[in-house]
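Listed here are the chains, written in short residue letters.
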Amino acid sequence: VKLDFKTENFVTWEDNGAGGLRIVNTSNARTTTNLPWWFPLPDAIVSKLSGIFIRQVVSTGMRKVNEQIKDRYLVWEQQ
């Protein structure tokens with residue numbers, strides 16, 4: 001089983017008009033799965049399961065990045 005996984009992550013920010021920032025963190029993920037002809041599960045099931053797994057990984061990673069951005073901004077703001 002071969003799983004190819006590609007992501008693009010973008011973080012943008014702008015003044016929110018209230019003395020702070022509006023941050024947008026987006027992520028695009030693309031996967032392809034190449035299964036051998038003899039693989040015991042249907043392609044659709046493998047695709048669905050791998051999609052669920054990848055969404056969880058990306059979501060967890062984005063939450064961590066968002067927290068780091070927030071923490072660093074608060075430190076910078078207090079300087």
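Since the model is a prediction, treat every value here as computed from it, not as a measurement.

A. Representation of the overall build of the chain. For the chain, the count of helices and strands is 1 helix and 2 strands. In the chain, the order of α-helices and β-strands from amino to carboxyl end is β-β-α. Over its C-alpha trace the chain gives a radius of gyration of 18 Å, far above what one expects of a compact globule, namely 12 Å for 79 residues. Dimensions of the chain along its principal axes, counting C-alpha atoms only, are 60 × 20 × 15 Å. For the chain, the residues scored as buried account for 10% of the 79 residues in total.

B. Representation of the pairing of strand 1 (residues 2-15). Note: strand 1 against strand 2 (residues 21-34), 14 bridges, orientation antiparallel. Bridge pairing links Val11 to Asn25 in strand 2. In sequence, strand 1 turns back onto strand 2 through a hairpin of 5 residues, with Gly17 there showing a positive phi of about 80 degrees.

C. Fine view of the side chain of Asn25. Mapped onto the secondary structure, Asn25 falls in strand 2. Polar contacts involving the side chain of Asn25 include one to the side chain of Asn66, which spans 2.8 Å. In this view, Asn25 contacts Phe10, Val11, Met62, Val65 and Asn66; residues no more than four positions away in its chain are not counted.

Cut-offs applied
Here the residue numbering is sequential within each chain, running from 1 through the sequence in written order. Local features are withheld for residues below a pLDDT of 70 in this predicted model, meaning they are given only at 70 or higher, and side-chain atom pairs are given and counted only at 80 or more; totals for whole chains, interfaces and linings count all residues. The side-chain numbers reported here are obtained from all heavy atoms of the structure, hydrogens and water having been left aside. Helix and strand assignments follow DSSP, with helices taken as H or I runs no shorter than four residues and strands as E runs no shorter than two, numbered in order from the N terminus. Radius of gyration: over C-alpha atoms. The globule rule applied is 2.2 Å multiplied by the number of residues raised to the 0.38 power. Accessible area is worked out with a 1.4 Å probe on protein chains only. A residue is then buried under 20% of its type maximum, exposed over 50%, and partly exposed in between. Strands qualify as paired when DSSP identifies two bridges or more between them. For this analysis, a polar contact is any N or O atom pair within 3.5 Å, provided that within protein one partner can donate a hydrogen and the other can accept it, and provided that sequence-adjacent residues contribute only side-chain to side-chain pairs. The contact criterion used throughout is that any non-hydrogen atoms of two residues lie within 4.5 Å.

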